[in-house]
Amino acid sequence: MTALSGPAEQLALTLTQGGMQRMTARVLAALLFTQDEAMTAGDIIDALGISSGSVSTALKSLSTVGLIERVPAPGSRRDHFRVREGAWATLMSGQNAIVTVMRDAAEQGIRAAGADSPAGRRLAEMRDFYDYLWRELPALIDRWQTRQVG
């Protein structure tokens, strides 16, 4: 990363290792570490030394999952972006769909392999884990949000 600090670079690397696209991770790190309230796409291009297309794609991706938002900037016709307040809880709330998909995949696997087979037992553990997440994740997010407000 061109003008980002070591910790910002490390965060982007960590996000990439966790499955986020490289440029998206770099853009998110820039938005998290900026000392300004928001950044324009041009600011991000200058900070990272990457193409406008890469920035546009990353901003769209981050907006879609609810991590960033467009904000008005008085006197400017350019779009400004910032990390949304409550972004992390929003992101985790969106994970419920993935939890359901994983649980359903495990259930299908159990039916295919047989519940009493070694594969069926491993898949049952997977299903039970995702069932647990499905039950617990909403309450955990609610507790986090209450803690933030209170």
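A. Inspection of the nonpolar core at higher detail. By size, the foremost hydrophobic cluster in this structure holds 22 residues, and its most contacted members are Val 27, Leu 31, Ile 44, Leu 59 and Ile 68. Contributing elements (two or more residues each) for this core: α1 (6-17), α2 (22-33), α3 (41-48) and α4 (52-64). When residues in this core are grouped by element, the largest group, six residues, is from α2. Apart from residues lying up to four places away in sequence, Leu 59 is in contact with Val 27, Leu 31, Ala 41, Ile 44, Ile 68 and Phe 81.

B. Inspection of the environment of Thr 146 at higher detail. You can see Thr 146 is positioned in helix α7 (residues 118-149). The class for Thr 146 is exposed, based on a relative accessible area of 56%. Linking Thr 146 and Glu 107, residues 39 residues apart in sequence, is a C-alpha distance of 34 Å.

C. Molecular detail of the pairing of strand β3 (residues 80-83). Note that strand β1 (residues 39-40) and β3 share two bridges and pair antiparallel. Bridging from a neighbouring strand, Thr 40 pairs with His 80 of β3. One ladder, built from four bridges, connects strand β2 (residues 68-71) with β3; its direction is antiparallel. By the bridge assignment, Arg 70 is partnered in β3 with Phe 81.

D. Here's a closer look at a nonpolar patch on the surface. Taken together, the side chains of Leu 32, Phe 33 and Trp 88 present a nonpolar region at the surface, about 280 Å² in accessible area. Within the secondary structure layout, Leu 32 lies in helix α2. Among the residues examined, Leu 32 registers a relative accessible area of 34% and is labelled partly exposed.

E. Spotlight on the sheet that holds β1. If you walk across this open sheet you meet the three strands as β1-β3-β2, and the pairing is antiparallel. Among the strands making up the open sheet, the edge pair consists of β1 and β2. Along the sheet, α2 contacts β1, β2 and β3; its crossing angle with β3, the most-contacted strand, is approximately 85°.

F. Inspection of α7 at higher detail. The terminal C-alpha atoms of α7, which comprises 32 residues, lie 47 Å apart, in line with the 46 Å expected from a rise of 1.5 Å per residue. At Glu 136, α7 shows its largest kink, close to 35°, and the proline Pro 138 lies no more than four residues downstream. The elements touched by buried residues of α7 are α5 (87-94) and α6 (96-113).

G. Layout of the packing of α1 against α2. Look at α1 against α2: their axes get within 8 Å of each other, and the N-to-C directions meet at 140°. As the angle between them shows, α1 and α2 are arranged oblique. For the pair α1 and α2, the sense of crossing is right-handed. For the pair α1 and α2, contact is made by Pro 7, Ala 8, Leu 11, Ala 12, Leu 15 and Thr 16 and by Arg 22, Ala 25, Arg 26, Leu 28, Ala 29, Leu 32 and Phe 33, respectively.

About the criteria used
Residues numbered from 1 in each chain as written. Predicted model: local features only at pLDDT ≥ 70, side-chain atom pairs only at ≥ 80, totals over all residues. Heavy atoms only, no water. Core = buried A, V, L, I, M, F, W, Y, C linked by side-chain atoms within 4.5 Å. Buried < 20%, exposed > 50% of the residue type's maximum accessible area, 1.4 Å probe, protein only. Helix = DSSP H or I, 4+ residues; strand = E, 2+ residues; numbered from the N terminus. Contact = heavy atoms within 4.5 Å. Pairing = 2+ DSSP bridges. Patch = residues over 30% accessible without salt bridge, like charges linked within 9 Å, V, L, I, M, F, W, Y side chains within 5 Å. Areas by Shrake-Rupley, 256 points an atom, 1.4 Å probe, with all protein chains shown as cover. Salt bridge = Lys/Arg side-chain N within 4 Å of Asp/Glu carboxyl O. Axes fitted to C-alpha atoms, helices over the stretch in contact; angles between N-to-C directions. Expected span 1.5 Å × (residues − 1). Bend = angle between axes of the 7 residues up to and from the residue. Parallel < 35°, antiparallel > 145°, perpendicular 65-115°, else oblique. Left-handed = near helix turned anticlockwise from the far one by under 90°.

These figures capture arrangement, not role.
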